[in-house]
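In case you want the letters, here they are:
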Amino acid sequence: MEKVIQDIWILNNAGAVLYHRVFDKKVDEQLFGALMSALNLLAEELEKEGLSNFELKDKKYILTKHHGILFIVNSSKKTKEKKVNEELKSIVGKFFTLYPKEMFNNWDNDVSIFADFENHIKDSLQDTIDKFEKAFW
Amino acid sequence: MVELNIILNFIGMIFELFIIIFAAVLLVLILKKYFIKRHKLTRLLLIIFLNYFLAILFSWISKVFVVSQLNVIQDGSIIAWMYNLISDFRISEFFVTIAIFLSYILKVNVFEKGYNALQKYITIIYGILTCVYVLIIYEYGNTLFDIIAFLIVFIYMVMVYAPFLRRSIESYRAVEEKTYRQAFLSLAIMSFSFMLIFLNFAIDRVFIFLGSLGFTVFYYLAWISTIVGIFGAYYGYIRPKSSE
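What counts, and at which threshold
- Chains are numbered independently. Their residues run from 1 in the order of the written sequence.
- Just so you know, chain letters begin at A and ligand numbers begin at 1, following the order they were written in.
- In view of the model being predicted, local features appear only for residues whose pLDDT reaches at least 70, and side-chain atom pairs are presented and counted only at 80 or more, with totals across whole chains, interfaces and linings using the full set of residues.
- As a convention, hydrogens and water are excluded, and side-chain values are obtained from all of the structure's heavy atoms.
- Basic side-chain nitrogens of Lys or Arg form a salt bridge, by our definition, when they fall within 4 Å of a carboxyl oxygen of Asp or Glu.
- Per the convention used, a helix needs a DSSP run of H or I reaching at least four residues, while a strand needs a run of E reaching at least two, with both numbered from the N terminus.
- When accessible area is computed with a 1.4 Å probe and restricted to protein chains, residues below 20% of their type maximum are described as buried, those above 50% as exposed, and intermediate ones as partly exposed.
- We define the nonpolar core as a collection of buried residues of types Ala, Val, Leu, Ile, Met, Phe, Trp, Tyr and Cys that are connected through side-chain atoms lying within 4.5 Å of one another.
- In this description, contact between two residues means that some pair of their heavy atoms is separated by no more than 4.5 Å.
- Grid spacing is 1 Å over the protein atoms alone, the probe is 1.4 Å, and a cavity is where that probe fits but cannot get out, while a pocket is an open set with protein on both sides within 12 Å along at least five of seven lines and lining residues have an atom within 4 Å of a point.
- Grid points are joined across faces, edges and corners, and a volume is the space filled by probe spheres set on the points.
- In this count, Pro and Cys sit with the nonpolar residues alongside Ala, Val, Leu, Ile, Met, Phe, Trp and Tyr, while Asp, Glu, Lys and Arg are called charged and the others, Gly among them, polar.
- Each axis is a line fitted through C-alpha atoms, taken for helices only over the stretch in contact, and angles between the N-to-C directions span 0 to 180 degrees.
- Should an angle fall under 35 degrees it is called roughly parallel, over 145 degrees roughly antiparallel, and 65 to 115 degrees roughly perpendicular, with every other angle called oblique.
- A clockwise turn of the near helix away from the far one marks a right-handed crossing, whereas an anticlockwise turn of less than a right angle marks a left-handed crossing.

Asks: Could you give an account of the pattern of salt bridges, naming the residues involved and the relevant values?
Replies: This model, assessed by the stated rule, comprises 11 salt bridges over all chains. Between Asp127(A) and Lys131(A) there is a salt bridge, and its shortest N-O distance comes to 3.7 Å. With Asp127(A) and Lys131(A) both in helix 4 (residues 124-135), this residue pair falls four residues apart, about one helical turn. Take Asp127(A): its relative accessible area is 13%, and that puts it in the buried class. For Lys131(A), a relative accessible area of 22% puts it in the partly exposed group. For Asp146(B), the salt bridge identified is with Arg205(B), shortest N-O distance 3.7 Å. Separated by 59 residues along the polypeptide, Asp146(B) in helix 6 (residues 143-174) and Arg205(B) in helix 7 (residues 178-209) bring together distant segments of the chain. You'll find Asp146(B) and Arg205(B) in the same group, each marked buried. Ionic contacts of the salt-bridge type, sharing partners, join the residues Lys107(B), Glu112(B), Arg166(B), Arg167(B) and Glu170(B) into one network.

In structure tokens:
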């Protein structure tokens, strides 16, 4: 079962990675360079708030910026964009519920506080399918 | 009149025998699945369907009582009480109630992230009250009490299987893989069919209350819903194979 959203990066305005979840850890160096370059360009475009996307190799990347925090996710090209957007929206919502934007005014740059985010974004559908696979399928 | 009743029970007995065979096959397949997976949820599913199987078996036994003209003297003894509980479907309702409660646990474990405290207590209390009603609130020949028993179990079925249905449909809509879509759709059909069983039985009992001998079209619809539910369970739980 392929996940709707595969990898996630959450960065602040200064470029610090607050949280990331990468499923495919073997990323080609050249690909990573191209990815960073594309992200840099798109992040600049996303000065305020909005959504942008691009395709690289076999994946589709979607970026969105809220309250100065940049959310980058990728998915398979085959996955419907609407589903990816819905899940990204849910991730953004959960992030600001757990870490309100006001928190970043006094934040001491300690990224360890975001480590727990993993437990909150576990896709409930994926969770259900995992359970069915373990017990029945 | 008595002969017609025996004939109707005989037809019912044969019909239910086929249901028993379907249910037994499903039970064996779940058992096989349990030996492969050794998972607590597979074990739970096995216990759920064992209860359903026992419910069907006791329903069938009640037909055997009538067809073989096996009667007991209504002297208030334990044997007479047990005979009445079996012949008026009460033992079957008891096993179904247990199965419904276990289905609630299964539903929470596969579809939810944890128990909702209020829902949990309502489900437990309602389940206990249902067991008390079906096993104790009984009067020989009182069809009204039986209709209420069927309706109580029907409501319990809806309480657990309506959310199960909703979750299955949500998952069916959200998932993209064909195998899993079919599995969730089958589970949705299973949930819907299970809810129909006791509604149909209750309607059949209403006809008995109004003077019919029973075994109306609703009796057969109830068992047809059971067959559909069994197939739904097979295609939902057993048939799909994980790609991993």
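Asks: An account of the nonpolar core is requested, with residue identities and associated values reported.
Replies: Formed by 76 residues in total, the largest nonpolar core has its most connected members in Phe136(A), Phe49(B), Tyr52(B) and Tyr237(B). Once you skip the residues sitting within four places of it in the chain, Phe136(A) turns out to touch Lys33(B), Lys37(B), Leu41(B), Thr42(B), Leu45(B), Leu106(B), Val110(B), Tyr237(B) and Pro240(B). Judged by nonpolar contacts, the second largest core, of 22 residues, contains Tyr19(A), Ile91(A), Tyr99(A) and Trp107(A).

Asks: Can you lay out unusual backbone geometry for me, pointing to particular residues and giving the numbers?
Replies: Residues and elements named next belong to chain B. Located in the positive-phi region is Arg38, a residue other than glycine, with phi close to 50°. With respect to the helices and strands, Arg38 occurs in the loop between helix 1 (2-37) and helix 2 (40-67). One non-glycine residue, Phe89, lies in the positive phi region at around 75°. Looking at the secondary structure, you find Phe89 in the loop between helix 3 (78-87) and helix 4 (90-111).

Asks: Describe empty space enclosed by the protein, naming the residues involved and giving the relevant values.
Replies: Residues and elements named next belong to chain B. Per the counting criterion, the structure on display carries two cavities of 30 Å³ or more. Its volume calculated, the largest cavity comes out at about 200 Å³. Taken together, 19 residues line the largest cavity, and the ones lying closest to its centre are Tyr52, Ile56, Ile197, Trp223 and Thr226. Counting only elements with at least two residues in the lining of the largest cavity, the list comes to helix 1, helix 2, helix 4, helix 7 and helix 8 (217-238). It is helix 2 that contributes the most residues to the lining of the largest cavity, five residues altogether. Residues belonging to the lining of the largest cavity are distributed by class as follows: 17 nonpolar, two polar and no charged. Quantified by volume, the second largest cavity comes out at close to 30 Å³. Elements that contribute at least two residues to the lining of the second largest cavity include exactly helix 2, helix 4, helix 6 and helix 7. By residue number, the principal contributor to the lining of the second largest cavity is helix 2, which donates three residues. Considered class by class, the residues forming the lining of the second largest cavity number nine nonpolar, one polar and no charged.

Asks: I'd love a proper account of the packing of helix 1 of chain B against helix 8 of chain B, names of residues and values included.
Replies: All names here are of chain B. Packing of helix 1 against helix 8 leaves a shortest axis separation of 11 Å and a crossing angle of 15°. With respect to their mutual orientation, helix 1 and helix 8 come out roughly parallel. Of the two elements, helix 1 crosses helix 8, and the hand of that crossing is left-handed. Contacts between helix 1 and helix 8 involve Ile11, Gly12, Phe15, Glu16, Ile19, Phe22, Ala23, Leu26, Leu29, Ile30 and Lys33 on the former and, on the latter, Tyr219, Tyr220, Trp223, Ile224, Thr226, Ile227, Ile230, Phe231, Ala233, Tyr234, Tyr237 and Ile238. Residues that form the contact of helix 1 with helix 8 fall into these classes: 19 nonpolar, two polar and two charged.

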